[in-house]
Amino acid sequence: MKKEILTLLPPDYTWGESIYYLESVDSTSNYAKILAKSGAPEGTAVIARCQAGGRGRMGRSFHSPEGGLYLTVILRPKCKAQELMHLTCGAGVATGNAIFAVTGIRPGLKWINDLVIGAKKVGGILTEMSLTPDGFVDYALIGIGINCKDTIPPELIEIATALDREAGEEISVATLAAALLRELHTLSCTIFSEKEALLDRYRTFCITIGKEVLLIRGEEKRQAFALDITDDGGLLVKFPDGTQDIISSGEASVRGLFGYSS
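Since this is a predicted model, take the numbers as computed values, not measurements.

As a further point, take the overall build of the protein chain. Broken down by element type, the protein chain carries six helices and twelve strands. Taking 262 residues into account, the globule formula puts the C-alpha radius of gyration at 18 Å, and the protein chain, at 18 Å, falls close to it. Its C-alpha atoms put the protein chain at 55 × 50 × 30 Å along the principal axes. Pairs at least 24 apart in sequence give 64% of the contacts found in the protein chain among residues at least 6 apart. In the structure as shown, the protein chain presents an accessible area of about 12000 Å², 51% of it carried by carbon and sulfur atoms. Charged side chains in the protein chain number 27 positive and 32 negative. The centres of these two groups are separated by 2 Å.

A separate point is the sheet that holds strand S2 (residues 45-51). As a general point, the strands of a sheet are linked pairwise by backbone hydrogen bonds and lie either parallel or antiparallel. Read from one edge of the open sheet, seven strands run S1-S2-S3-S7-S6-S5-S4, paired in mixed fashion. Either end of the sheet is taken by a strand with one partner, and the two such strands are strand S1 (19-25) and strand S4 (108-110). Sheet twist, expressed as the average angle between the axes of neighbouring strands with direction ignored, equals 20°. Note that strand S3 (residues 69-75) and strand S7 (residues 137-146) share seven bridges and pair antiparallel. Along S7, the bridge assignment pairs Thr72 with Gly143. Packed on one face of the sheet, helix H2 (residues 28-37) meets S1, S2, S3, strand S6 (120-131) and S7 and runs near 25° to S3.

Under the counting rule described, the total for this entry stands at 13 salt bridges. Note that Arg49 and Glu66 form a salt bridge whose closest N and O atoms lie 3.8 Å from each other. Taken together, the residues span a long stretch of sequence, with Arg49 in strand S2 and Glu66 in the loop between S2 and S3 at a distance of 17 residues. The partner of Asp228 in a salt bridge is Arg203, with the nearest N and O atoms 3.1 Å apart. Of this pair, Asp228 sits in strand S9 (residues 220-229) while Arg203 sits in helix H6 (residues 195-205); the two residues are 25 residues apart in sequence, bridging distant segments of the chain.

This part covers the pairing of S7. Both faces of the sheet carry side chains from a regular strand, because those side chains alternate between them. Along S7, nine of the ten residues are buried, which leaves the element largely enclosed by surrounding structure. Strand direction decides the pairing type here: S6 and S7, joined by nine bridges, are antiparallel. Each bridged residue has a counterpart across the sheet, and for Glu128 the counterpart in S7 is Leu141. Linkage of S6 to S7, two consecutive antiparallel strands, is achieved through a turn of five residues, within which Gly135 is found at a positive phi near 90°.

Residues spaced three or four apart along an α-helix face the same direction, because each turn holds 3.6 residues. Of the residues making up H2, those classed as buried are Thr28, Ser29, Ala32, Leu35 and Ala36. Axial view of H2: buried residues confined to an arc of 115°, hence all on one face. Exposed side chains of H2 directed beyond 90 degrees from the buried face belong to Ile34 and Lys37. The N-capping residue of H2, defined by a side-chain oxygen 3.2 Å from the backbone nitrogen of Ser29, is Ser27.

Attention shifts here to the packing of helix H3 (residues 87-103) against helix H5 (residues 173-190). Between H3 and H5, the shortest axis-to-axis distance is 8 Å and the interhelical angle comes to 145°. Considering how the two elements wind past one another, H3 and H5 form a crossing that is right-handed. Across the interface between the two elements, Gly90, Ala91, Ala94, Thr95, Asn97, Ala98, Ile99 and Val102 from H3 touch Thr175, Leu176, Ala179, Leu180, Glu183, Leu184 and Leu187 from H5. Across the contact of H3 with H5, the residue classes break down as ten nonpolar, four polar and one charged.

Right, let's talk about the side chain of Asp114 for a bit. Within the secondary structure, Asp114 sits in strand S5 (residues 114-117). Among the residues examined, Asp114 registers a relative accessible area of 6% and is labelled buried. Here the side chain of Asp114 touches Lys121 through a polar contact of 3.0 Å, side chain to side chain.

Between H3 and H6, whose axes approach to 9 Å, the crossing angle comes to 65°. In terms of orientation, H3 and H6 fall into the roughly perpendicular class. In this structure, the crossing between H3 and H6 has a hand that is left-handed. Counted together, Cys89, Val93 and Asn97 of H3 and Leu198, Leu199, Arg201 and Tyr202 of H6 form the full contact between these two elements.

One open sheet holds the five strands; their spatial order is S11-S10-S9-S8-S12, and the pairing between them is antiparallel. With one partner strand each, in any of the chains shown, strand S11 (244-247) and strand S12 (251-254) form the two edges of the open sheet. Across the sheet, the mean angle from the axis of one strand to that of its neighbour is 45°, orientation sign disregarded. Judged from the six bridges that link them, strand S8 (residues 212-217) and S9 form a sheet pairing that is antiparallel. Its bridge partner lying in S9, Glu212 is registered against Phe225.

Calculation notes
- Residues numbered from 1 in each chain as written.
- Predicted model: local features only at pLDDT ≥ 70, side-chain atom pairs only at ≥ 80, totals over all residues.
- Heavy atoms only, no water.
- Helix = DSSP H or I, 4+ residues; strand = E, 2+ residues; numbered from the N terminus.
- Rg over C-alpha atoms; globule rule 2.2 N^0.38 Å.
- Contact = heavy atoms within 4.5 Å.
- Areas by Shrake-Rupley, 256 points an atom, 1.4 Å probe, with all protein chains shown as cover.
- Lys, Arg positive; Asp, Glu negative; His and termini not counted.
- Charge placed at Lys NZ, Arg CZ, Asp CG, Glu CD.
- Pairing = 2+ DSSP bridges.
- Axes fitted to C-alpha atoms, helices over the stretch in contact; angles between N-to-C directions.
- Salt bridge = Lys/Arg side-chain N within 4 Å of Asp/Glu carboxyl O.
- Buried < 20%, exposed > 50% of the residue type's maximum accessible area, 1.4 Å probe, protein only.
- Arc of directions from axis to C-beta.
- Polar contact = N/O pair within 3.5 Å; in protein donor to acceptor, adjacent residues only side chain to side chain.
- Left-handed = near helix turned anticlockwise from the far one by under 90°.
- Nonpolar A, V, L, I, M, F, W, Y, C, P; charged D, E, K, R; others polar.
- Parallel < 35°, antiparallel > 145°, perpendicular 65-115°, else oblique.

Encoded structure:
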């Protein structure tokens with residue numbers, strides 16, 4: 001798989017020497033974190049055929065059977081943590097671009113990290129940062145999981161889908177991996193210089209804006225209306241009493257998606 005991916009990357013792709021391909025791993029992000037702590041350079045990518053312990057936000061597991069794309073890239077931006085809060089939004093745009101390039105299907109982006117087609121999840125993104133004692137980013141991880149092959153278990157069939165099902169044909173994981181690596185390479189070069197454009201594109205594809213949402217933070221649940229995405233990637237919401245707030249953590253379930261109906 002690694003050789004095939006390398007043949008699909010353009011000559012100006014500068015990260016090609018730092019691709020790790022694994023048949024199986026607990027989590028590509030866990031593996032990448034070990035490499036990052038050992039000094040692995042920016043652009044180091046970990047790709048796995050399957051994951052035994054794929055992770056999503058808030059500690060949730062991510063179904064990761066053979067046939068999907070599971071990839072984590074290490075970035076080393078020279079900035080403080082607060083300057084990189086829009087990273088997940090940027091990664092969402094990059095992943096959507098890659099899927100569109102390979103399949104012709106543009107997934108929607110459910111704030112903040114879910115990729116959806118129709119009303120079903122097709123993938124997810126998990127970003128993590130490690131900071132130096134003075135508050136600068138030591139490294140950042142972009143972990144991405146995409147359902148490429150229709151191996152959705154019966155208990156998830158109502159809320160999840162796969163690219164081959166939506167496209168009506170088999171999807172080459174290597175081709176998608178190469179497209180995604182190209183997009184993430186571009187993102188690393190533009191994450192600051194094109195921040196406004198990245199966020200505008202995220203807003204364009206974000207299916208959460210303009211919808212009723214259920215905000216979940218710990219044990220607290222509140223109904224709200226999603227107004228916009230802030231310049232830091234937060235979700236601006238309006239509550240029934242007319243007050244507004246910016247949500248930067250927790251979950252925002254969208255009515256009509258993933259089983260949320262009331």
